[in-house]
Amino acid sequence: MWYVPWMDRRVAEGKAKDGTRRAYDNAWRLHIAPRWGSVPVDSIRPADVQEWLYSLPAATAQQAVSVLRRVLDFAVRYEVVPTNKLRLRYEMPTRKSFARSAEVYDLARAERVLEAVRGRLSEAPYILACFGSARTGEALGVRPDEVGRAESHGLVLATVPIARRMGWAGDFPLPDGDLKTPQSERTLVIPEPYGTRLLEIADERIAGGYEWLADRGDGLPPNRASLRSIWARDAGGDAIPFANLRNSWRTIAQYEWGIDPDTLELLMGHVIPTVTGRHYLRPSVDDLVSAVAKAVAQSRGT
């Protein structure tokens, strides 16, 4: 009665992401409602709360207790109960539900996989993520006419503005500007030969009248959930979690190409945690292109 309309308003006002709302809905449906859905708010016992928390993995418990705590805040605010039993200090579990693979590609393997996925649906998102730092949703939300060409230090590079992303579900991208953080709105810089291949794909898509760089066959890009199976199919036995491609890029860009860490932070859409980074460092796209091209050219001895 109170919590759901409050969350709807927060999403409508831009104070919460739709993905956050879905995650909280899932926490209620999967973990809170089965245990607490039929319990009157004035009958909650701290010992039962603690037992329930111990039954959950650590991350699940943190999210579930956050949602239930807020639900009971409304019960206190509107004088249904005098206190919120979820505001007491509880011992949180430490066990993990699963350990996601931390595997990343080195440059040689990344290039082998690029050949394996050539011409497949995942190719453009793969290049954007593994050679450009795009997050999974960002890699699916690029239009072909947004891919630009730049030259520096004898190299051809692709520049790709990140303005939108695909969600976990649904058929359409989230609204332009609805990104993970304000800093996520940035320009990727992808050196040759990966950038030149992306430029070829963009030209092919434009010539074919496609709106999206990654098109699932009906004029729309795949969402993040469907990319999981597409990626597993295309990469085969070499597939690692698609989200790990961004980690692969960071490792390759720093240790194999030698790009300086501040430039990498900006290319990833991070805030550099220094006074200079927060207030003074404002490179142009041309500056970023030059920095990437110079480092990559030097790493190749050209």
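First, a word on what this report is: a plain description of the structure on this page. Quick caveat, the model's predicted, so the values are computed rather than measured.

## A look at the pattern of salt bridges
Step number 1: Counted by the stated rule, this structure contains 26 salt bridges.
Step number 2: Across the pair Arg109 and Asp238 runs a salt bridge, and its minimum N-O distance is 3.1 Å. Within this pair, whereas Arg109 is found in helix α5 (residues 107–116), its partner Asp238 is found in the loop between α9 (224–235) and α10 (244–255), the two being separated by 129 residues in sequence.
Step number 3: Across the salt bridge formed by Arg149 and Glu151, the nearest N and O atoms sit 2.5 Å from each other.
Step number 4: A residue is classified by how much of its surface remains accessible, and Arg149, at 54% relative accessible area, is exposed.
Step number 5: Ionic contacts of the salt-bridge type, sharing partners, join the residues Arg118, Glu123, Arg197, Glu200 and Glu204 into one network.

## Description of the packing of α10 against helix α11 (residues 261–268)
Step number 1: The N-to-C vectors of α10 and α11 enclose an angle of 155 degrees; their axes lie 10 Å apart at closest approach. What the angle tells us is that α10 and α11 run roughly antiparallel. Pair α10 / α11 crosses with right-handed handedness. The residues of α11 that touch α10, namely those facing Arg246, Trp249, Arg250, Ala253 and Gln254, are Pro261, Leu264, Glu265, Leu267 and Met268.

## Some details on a negative patch on the surface
Step number 1: A cluster of like negative charges, contributed by Asp106, Glu111, Glu115 and Glu256, occupies part of the molecular surface.
Step number 2: With respect to the secondary-structure elements, Glu256 resides in the loop between α10 and α11.

## Quick word on the layout of surface pockets
Step number 1: In this structure, the second largest pocket occupies an estimated 400 Å³ of space.
Step number 2: As for the second largest pocket, its lining consists of 19 residues, of which Met1, Tyr3, Trp28, Val41 and Val71 are closest to the centre.
Step number 3: The greatest single-element share of the lining of the second largest pocket, amounting to six residues, is contributed by helix α4 (residues 58–77).

## With respect to the side chain of Asn223
Step number 1: With respect to the helices and strands, Asn223 occurs in the loop between α8 (194–207) and α9.
Step number 2: Only 2.8 Å separates the side chain of Asn223 from the backbone nitrogen of Ser226, close enough to count as a polar contact.
Step number 3: Those residues in contact with Asn223 that lie beyond four places of it in its chain are Leu140, Met166, Gly167, Trp168, Ala169 and Gly170.

## Here's the deal with the pairing of strand β1 (residues 148–152)
Step number 1: Only one face of β1 is covered, namely the one carrying Gly148, Ala150 and Ser152; the face carrying Arg149 and Glu151 has none of its residues buried.
Step number 2: Pairing of β1 with strand β2 (residues 155–161), which is carried by five bridges, proceeds in the antiparallel orientation. Among the inter-strand pairings, Arg149 is bridged to a residue of β2, identified as Ala158.
Step number 3: Hairpin geometry of β1 and β2 is characterised by an intervening segment of two residues between the two adjacent antiparallel strands and by a positive phi of about 50 degrees at His153.

## Looking at unusual backbone geometry
Step number 1: For the bond from Glu192 to Pro193, the omega torsion is 5 degrees, close enough to zero to count as cis.
Step number 2: Counting through the fold element by element, Pro193 comes out in the loop between β3 (187–191) and α8.
Step number 3: Even without being glycine, Glu79 reaches a positive phi, approximately 60 degrees.
Step number 4: The class for Glu79 is exposed, based on a relative accessible area of 72%.
Step number 5: Phi is positive for Ser133, which is not a glycine, with a value near 85 degrees.
Step number 6: If you trace the backbone, Ser133 turns up in the loop between α6 (123–130) and α7 (136–139).
Step number 7: Judged by relative accessible area, Ser133 falls into the buried class, the value being 0%.

Scoring rules and cut-offs
Residues numbered from 1 in each chain as written. Predicted model: local features only at pLDDT ≥ 70, side-chain atom pairs only at ≥ 80, totals over all residues. Heavy atoms only, no water. Salt bridge = Lys/Arg side-chain N within 4 Å of Asp/Glu carboxyl O. Helix = DSSP H or I, 4+ residues; strand = E, 2+ residues; numbered from the N terminus. Buried < 20%, exposed > 50% of the residue type's maximum accessible area, 1.4 Å probe, protein only. Axes fitted to C-alpha atoms, helices over the stretch in contact; angles between N-to-C directions. Parallel < 35°, antiparallel > 145°, perpendicular 65-115°, else oblique. Left-handed = near helix turned anticlockwise from the far one by under 90°. Contact = heavy atoms within 4.5 Å. Patch = residues over 30% accessible without salt bridge, like charges linked within 9 Å, V, L, I, M, F, W, Y side chains within 5 Å. Areas by Shrake-Rupley, 256 points an atom, 1.4 Å probe, with all protein chains shown as cover. Lys, Arg positive; Asp, Glu negative; His and termini not counted. Charge placed at Lys NZ, Arg CZ, Asp CG, Glu CD. 1 Å grid on protein atoms, 1.4 Å probe; cavity = no way out; pocket = protein on both sides within 12 Å on 5 of 7 lines; lining within 4 Å. Points joined across faces, edges and corners; volume = space filled by probe spheres on them. Polar contact = N/O pair within 3.5 Å; in protein donor to acceptor, adjacent residues only side chain to side chain. Pairing = 2+ DSSP bridges.

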